[in-house]
Amino acid sequence: MLKTLLLLFLLVGLFLAYRALVKNRKMFREMNAKADLQSALLEVDRLLGDSLTKDISSTMRQMADILAKRLDASLVWIGVQKTIDNAVSVMSLAGSHREVAVSLTIPLDADGSVRKTLDSGCVQRLSLKGDASYKHWPIADDATFHVSLSVPYRSLDGEKGVIVFFLPKSINTVTLSHTLWTRLADDFVVFLERRKNAVSVSRISGYQLAIVDFLKDILEVRELSAAYNLALSVLTTRADALSAWIVAYPDKKQTNTSNLLVASRGQIPEALLRMGLENDSVSRRWLDTVMERVREKERPFVDELRLNSALQTWKNTEPGMKNVAVVGAWPLWDDSGVHAVLFVSSTDPEYFSNNLQIFLHQLTEILHVADQQISNKAEILRRNLLYQALLDEADAVLKMNAEQPLLEEICRRLVGSTLFESAWLTRPAENLSLETLAFVSSVTEDANSLMEQITADLLRDRVLHVWKTGQALFPSETGSANSTELPVALLPIIRNAKLWSVLVVRCCLVEHLISADVNELLHRVASLLGRGLDEMDLKKQLADEQNRQSWLANHDALTGLNNRRGLDTYFTHAILRAQRNNTLLVILIIDLDDFKPINDSYGHEAGDRLLIKVSEALKSVTRSTDFLVRLGGDEFVILLEGLHKADDLLPVMDNIYKAVVTPFVLEAEIKVSVGCSAGLTLYPEDSANSDGLLRHADEALYVAKRNKQSRPRYWVSYLDILAAEKKA
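Residues numbered from 1 in each chain as written. Predicted model: local features only at pLDDT ≥ 70, side-chain atom pairs only at ≥ 80, totals over all residues. Heavy atoms only, no water.

**Looking at the sheet that holds strand S10 (residues 326-334)**
Reading across from one edge, S8-S7-S11-S10-S9 is the order of the five strands in this open sheet, with antiparallel pairing throughout. Because the sheet does not close on itself, it has two edges, and the strands there are strand S8 (261-266) and strand S9 (301-304). The sheet shows a mean angle of 15° between the axes of neighbouring strands, taken without regard to direction. Relative to strand S11 (residues 337-346), strand S7 (residues 243-248) runs antiparallel, the two sharing six bridges. Across the sheet, residue Trp-245 finds its bridge partner in S11, namely Phe-343. Sitting on the sheet, helix H6 (residues 270-278) touches S7 and S8, and the angle it makes with S8 is about 145°. Set on the sheet, helix H7 (residues 282-297) makes contact with S7, S9, S10 and S11; between it and S11 the angle comes to about 130°. (Pairing = 2+ DSSP bridges. Helix = DSSP H or I, 4+ residues; strand = E, 2+ residues; numbered from the N terminus. Axes fitted to C-alpha atoms, helices over the stretch in contact; angles between N-to-C directions. Contact = heavy atoms within 4.5 Å.)

**Re the sheet that holds strand S6 (residues 160-167)**
Overall, antiparallel pairing links the six strands, which are arranged S3-S2-S1-S6-S5-S4 in an open sheet. Each having just a single partner strand, strand S3 (105-107) and strand S4 (124-127) make up the two edges of the open sheet. Sheet twist, expressed as the mean angle between neighbouring strand axes with direction ignored, is 30°. Lying over the sheet, helix H2 (residues 56-70) contacts strand S1 (75-81), strand S2 (87-94) and S6, oriented at roughly 70° with respect to S2.

**Thoughts on the side chain of Arg-630**
Mapping Arg-630 onto the fold places it in strand S17 (residues 627-632). Every residue in contact with Arg-630, bar those within four places of it in the chain, is listed here: Asp-556, Leu-558, Thr-559, Leu-561, Asn-562, Asn-563, Leu-611, Glu-635 and Phe-636.

**Quick word on the confidence of the model for the chain**
The share of residues in the chain with pLDDT of 70 or more is 87%, and the mean pLDDT across the chain is 82. Here residues 378-382 is modelled with pLDDT under 50, and outside its nearest four sequence neighbours on either side it reaches six contacts, counting other chains as well. With pLDDT under 50 throughout, residues 477-484 is counted as low confidence; its partners more than four residues away or in other chains account for nine contacts. (pLDDT = per-residue confidence, 0-100.)

Set out below in structure tokens:
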């Protein structure tokens, strides 16, 4: 009997030891899985941080490769679902078994794991056996392709996507609810947004440099065909166009329509374009329709292939068009009107951004100017020296970003052309003396005596005459026979449609200024300088307006506080910080009591001043880490971060209450006071999303206002409401 008991105790001990060993092994595997995932995320973060301006397909491929190697996945793929597509496109693949991906388009079947992941917005771990998302993939080997782990993400543009791991049977993974998976998705979304902004800034800079280089190069062109080829080369090499071509409008006597193709560059063969123009095909009908539309409307058009049946047919029937996703058409002008159309194609459906459209507008404007210049080739060649001076002025206008250096450089280059001895910009002051804005001279006479000559009564009278009439003044118009007359020409400088200054140039002889060529040059220089100043002013206005609009998009115009849009942008990051730091996030909504009587009694202006005072008071009692928002009307939202326990909230709420109820002086004789009600909730005890958290805080506010007379304090917690409902 004793032996039996001892044997029984021994068996029980062995069983308990075995259970402990199994549990420890499971914990050890989970810890290893977590460490592997953390290591992979760190490596992915470094990759994404260094790849903001690099090729995104290469970056995503490297990211998938890191995840596959670190997590021992059989396959990792990253995909995106465009907002109008009912499928997910695979953007990158990695892993030792990537050959099983026989299709790069995943249908969103109702029973598929990809559809379930995107619809739920949660990490999903599902068996690959019978998964409808991969019904055509050869993944029958259960040991290698046991389960799929899908991590969803959603970009700020609304596009959904998924990061999918095919895991073998022997692999352990971190629990689906672990924040490391959401961190992976968040890091990827932040990268996409940062990359979008970085690429946009890079493209704007690239477009500006391309325009400057194009201006320099086109000024040396002598034939219009060369100008067109230069423009097409800029589009395909500097603006990343797939292809670009120019088609002229036919003359009434023209029968060979293939000759209408003036020039082409890029990956679409020229023979294909000529064939499309010559044959009575769908491509020819589409081209005719677009060109007629451009000539009638005199503005550009953009056609996306998937939204245009004619273009789609052309793409499906011609292999050379297979990569085209979008085509734009821009009018080209001459003195008679629209005479040709510039076509630009790309593989990117979103290629024609606002910045690119501005670039194309500038490009076509330059071609228009080039057309005008080239049409007068003989005249341009004859006046080479004069136009070199004009080019120098244009170069100065393009390079200068500040007013004073621009004025001085304009005068310096006029004198440097050897056509003029001196050049300066002046305007009358209040006492009718001349205010000199910039002055350059090549003569060696004493500067003081020269300035005395400049300010002489004769010249001052001429400047005043130009200032009064707004008309240029040349020696031939003032009696050049007078030997005592200064050999000067005066031209008005128009800035923002107003007379701003007078350009004065001096030659050694009066006869030099009588030439029609010199007159034209000076008029062009004056016009160019005025346009340069206009553009400088416009750039400043646009920059100021852009900054103002950017600020207003996220701030309340009255109080300067953040608005609802700013709150939406900030909220997600606040939640992520609370998750990472294991701290509380308090969502507080404050509503002013008795605000309406003040508004009715003293008027809306007084009400606005009160809202400003309350905003300033709330700022004074909140920390720099807190986020203060005017939600609308007399409602405010405060996100309080970094709290470790609920009791930390009490002194903060007291300070907020004192700040609001303290009487405010609106005017010398108006002193008012208001009360307040507040509702709040605490994340993560309240685990709703950002919209749900705001809604819960608002429900608590409603309870606080409803029980205003009987409440023990001015605020109510949504968590207390839930607790009370459970007790009931």
